[in-house]
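# Structural overview
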Amino acid sequence: MENPDRLFSETPAPTPEQQCVLDALMAFVRSNDNAFVLKGAAGSGKTFLLGRFCNALATTNTHFRILAPTGRAARILTNKTGWPARTIQSAIFTKPRIIEDASGESVYFQFPLAPNKDPFPIVYVIDEASLLSDLQTEKDDNYLRFGSGRLLLDLITFAQAGRPDLSHTHFVFVGDPAQLAPVGSPFSAALDEAHLTAEHHLRVRSANLTTVVRQKAGSDILASATAIREAIDNSLFNELRLVESEEIQQVTPQDAASTFAETTRGSTHTATVLITHSNHEAQQYNRHIRTILYENHHVHLVPGERLIVTQNNYTHRLMNGDFVWLESASPTTETRTPLRNIELYFRDVVVRMEGGLATIECKLLENHLMSEAGAPVKEIIQALWVDFKKRYKHLKPSDPEFAHALHIDPYFNALRLKYGYAITCYKAQGGEWRNAVVVFDQQRGRQNEEFFRWTYTAITRARERLYLVNAPDFTPYSEMNFGEPIAGEPGGTTKALQLSSAPEHLFEEAGYSVQVQELNYRRRLIVSNGTSSVTVDLVYNGKGIFTSVQINSGATGATDPSFDESVRRIAEGCKNRSAHIAHPPAALPAAPLEFSFLEDQPHLEAFYRHLMEKLEGTGIIITHLIHQQWAERYTFRCGDEAFEVLFHYNGKGQFKNTKLLGNSESPCFSRIKDLLRSP
């Protein structure tokens, strides 16, 4: 590929991490492996690195093509790298076949794979690869149907067709795995190394850019996005806070439209985007925004309006997700009624394409402009088809002239546009703006992976300012309730209990030294007589009762049968006792202890760290911890007082109910409640 007139800038220099990944990419191109997955957070320099990578490929005379799943993503990629990028669909599919049903009133266009005429060997660089679906998603009412309906499969099939040596067809898939997956797909297939290997038999390498460089150091937007990304990586969806700051501001639903208008004035409405969950909500906000921007908002179209393409238009080379700006519109509409009860409304318009001065004179299908549907409904497509056939009665669908006439017909190819001020998160994906107004749906569940991905994708569209409507604000402890003390439970508030009731003290009374470790549903005692030691695991159930004993005799030193038997006898006597035995304060540790946590329950360790942070400087320390089923049982020491608290949590890692064990209220427990209730 020849260098374009506008080469990617060689400054600034790559970071050490980026240089390491660039070296890995060049080594991959020289290898027999055929896929490289490059993952990175929003702003980590993926696009910057792609420009450097393409420069390096050109320097070594290596053929490459840059592709993206949407027209907007391809345009952004071209502008940022200096290398021409195309949509995947325009690169791998050829002219469609027209397929009409028996009634002659319904049609769809089947786009087959084009023959691959690319040079060989070659590297295919695919940006925004998280958007590539590998599930058959074509719907019966979609009149544009591409290949198998699985874009990832079709791309790989096209690239490898007729190649004598597949090791010289290289794919570089680039994207952010924390963003929304393709519609209807549970994951981003093109960024999943295991899927690429198992489903497509590719030999895969990978790298991950972890350092975010796009936004300024200390960015609050970056900090929020990083926290959400870490939650997704850990599958922990119990905390989401978007704290207000100079960069992040909360606005009311009533002020969302005016905020958009205020932040986009003087920029031809390019500076800001408003992001919603649904097309219905986007259309409502678009109406509200237009009442602010234009006095004659009752007029459907005003010069200067920002519009978004909602369906690929190959006649005018506009792709789904492209933005255009209205230059002019005819004052009247043309109405056609090809089918009973279905009227089609057309208006002549001139639109300017994004990022340039090129304009297009064409017709606009006004039915769709005012519709809340994401794409034209089946009945509208059917009416367009019947209208075309009535105007070209002299042609048959099998005639070559028919296909040509259909391709240039201004009515059938009228633009499907919507107002582009407020758009859905899926439409915004792959783009970035100076400001973003993000509207959260209060009716949707929030403690799940899909909501976290939606939030991450939405807030990372903003470079400088983020305005939030109905923003989520919850922690693992925000719904914590404090109940009445539980009478009759073992433990509670105490100032003097018998030492002999604690299992470790039973061994100490026999003259042995004991080390205690609290594990998940077991207390481990390492019992020593000075020459040898025995490990005793006392296993307890969800009610905190010891149910079984596991003994590892002769862990260290020489085996002593009498010592082993003595330990076994004492351990067996611990069965059916409470796992937690309160100690007199004098016998409790004077400093906080460290406890063990399972890797698959990170919320329990996070709660412990949270408690430790809250208790710092209060004189209250944690002395014992037992992991029970759906509850954490803590013992606290506060001066001459010792008390137990049961913290219940649910399957989402949210701590719900907290109760003091015992019959009386504790002043120190009241202090803990106040600390946990504080922000």
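Residue positions are given per chain, counting from 1 as you read along its sequence in written order. With the structure being a predicted model, the display of local features is reserved for residues of pLDDT at least 70 and the display and counting of side-chain atom pairs for 80 or more, all residues being used for whole-chain, interface and lining totals. Heavy atoms from the whole structure form the basis of all side-chain values; hydrogens and water molecules are not counted.

Further remarks concern the environment of Asp441. Tracing the backbone shows Asp441 in the loop between β20 (433-439) and α14 (449-459). Each C-alpha atom, one on Asp441 and one on Glu281, is 9.3 Å from the other, the two residues being 160 residues apart in sequence. When checking whether two residues touch, look at their non-hydrogen atoms; a contact exists if any pair is within 4.5 Å. Ignoring anything within four residues of it in the chain, the contact list for Asp441 reads His277 and Arg446. By the criterion applied in these results, polar contacts are pairs of N or O atoms within 3.5 Å in which, for protein atoms, one can donate a hydrogen and the other can accept it, and in which residues neighboring in sequence qualify only through two side-chain atoms. Polar side-chain contacts of Asp441 include one of 2.8 Å to the backbone nitrogen of Gln443. In this structure the side chain of Asp441 is engaged in a polar contact, spanning 3.2 Å, whose partner is the side chain of Arg444. Each helix is a run of H or I in the DSSP string that is no shorter than four residues. Each strand is a run of E no shorter than two, and both are numbered from the N terminus.

Attention shifts here to the state of the cysteines. Sulfur atoms of two cysteines make up a disulfide when they are within 2.5 Å. Taken as a whole, this structure holds 1 disulfide when the rule is applied. A sulfur-sulfur separation of 2.0 Å characterises the disulfide bridge that pairs Cys638 with Cys668. Its torsion about the S-S bond being -55 degrees, the disulfide of Cys638 and Cys668 is classed as left-handed. Taken together, the residues Cys638 in strand β29 (residues 631-638) and Cys668 in helix α18 (residues 667-677) connect sequence positions 30 residues apart. Take Cys638: its relative accessible area is 17%, and that puts it in the buried class. Residue classification places Cys668 among the buried positions, given a relative accessible area of 10%. With a 1.4 Å probe rolled over the protein chains alone, any residue whose accessible area is under 20% of its type maximum counts as buried; one over 50% counts as exposed, and the rest are partly exposed.

Turning to the pairing of strand β5 (residues 107-111), a few remarks are in order. Buried residues dominate β5, accounting for 4 of its 5 residues. Inspection of the sheet shows strand β4 (residues 97-100) paired to β5 by 4 bridges, in the antiparallel sense. Residue Glu100 lies in a different strand from β5, and its bridge partner there is Val107. The sheet contact formed by β5 and strand β7 (residues 144-146) spans 3 bridges and is parallel. Here, strands pair whenever DSSP counts at least two bridges between them.

This part takes up the packing of helix α1 (residues 16-29) against helix α2 (residues 46-59). Direction vectors running N to C along α1 and α2 enclose 40 degrees, while the axes themselves pass 10 Å from each other. Here α1 is positioned oblique relative to α2, judged by the angle of their axes. Two packed elements cross with a definite hand, and for α1 against α2 that hand is right-handed. Residues Gln18, Val21, Leu22, Leu25, Met26 and Val29 of α1 form the contact with α2, whose own contacting residues are Phe48, Leu49, Arg52, Phe53, Ala56 and Leu57. Following the grouping adopted for this structure description, the nonpolar residues are Ala, Val, Leu, Ile, Met, Phe, Trp, Tyr, Cys and Pro, the charged ones are Asp, Glu, Lys and Arg, and the polar ones are all others, Gly among them. The residue inventory of the contact of α1 with α2, partitioned by class, reads 10 nonpolar, 1 polar and 1 charged. Every angle, taken between N-to-C directions, lies between 0 and 180 degrees, and every axis is a line fitted to C-alpha atoms, over only the stretch in contact when it is a helix. Note that the term roughly parallel is reserved for angles under 35 degrees, roughly antiparallel for angles over 145, roughly perpendicular for angles of 65 to 115, and oblique for everything else. Two helices crossing with the near one rotated counterclockwise from the far one by less than a right angle form a left-handed crossing, whereas a clockwise rotation gives a right-handed crossing.

By the criterion of burial, β29 is predominantly enclosed, with 8 of the 8 residues buried. Side chains Ala631, Arg633, Thr635 and Arg637 of β29 all project onto a buried face; the interleaved residues Glu632, Tyr634, Phe636 and Cys638 project onto the opposite face, where all are buried too. Direction of pairing for strand β28 (residues 620-628) relative to β29: antiparallel, over a ladder of 8 bridges. From the neighbouring strand, Ile620 faces β29, where its bridge partner is Cys638. Joining the antiparallel neighbours β28 and β29 is a turn of 2 residues, in which Trp630 adopts a positive phi near 65 degrees. Examined bridge by bridge, β29 and strand β30 (residues 641-649) share 8 bridges and lie antiparallel to one another. Residue Cys638 lies in a different strand from β30, and its bridge partner there is Glu641. With antiparallel pairing between neighbouring strands as the criterion, β29 and β30 make up a hairpin whose turn holds 2 residues, including Gly639 at a positive phi of roughly 65 degrees.

Attention shifts here to helix α12 (residues 400-408). Of the residues making up α12, those classed as buried are Phe402, Ala405 and Leu406. One face of α12 carries all of its buried residues, which in axial projection span an arc of 100 degrees. When the buried face of α12 is taken as reference, the exposed residues oriented beyond 90 degrees from it are Pro400 and His404. Each element contacted by the buried residues of α12 is listed here: β4, β5 and α11 (378-391). This arc is built from the directions going out from the helix axis to the C-beta atoms.

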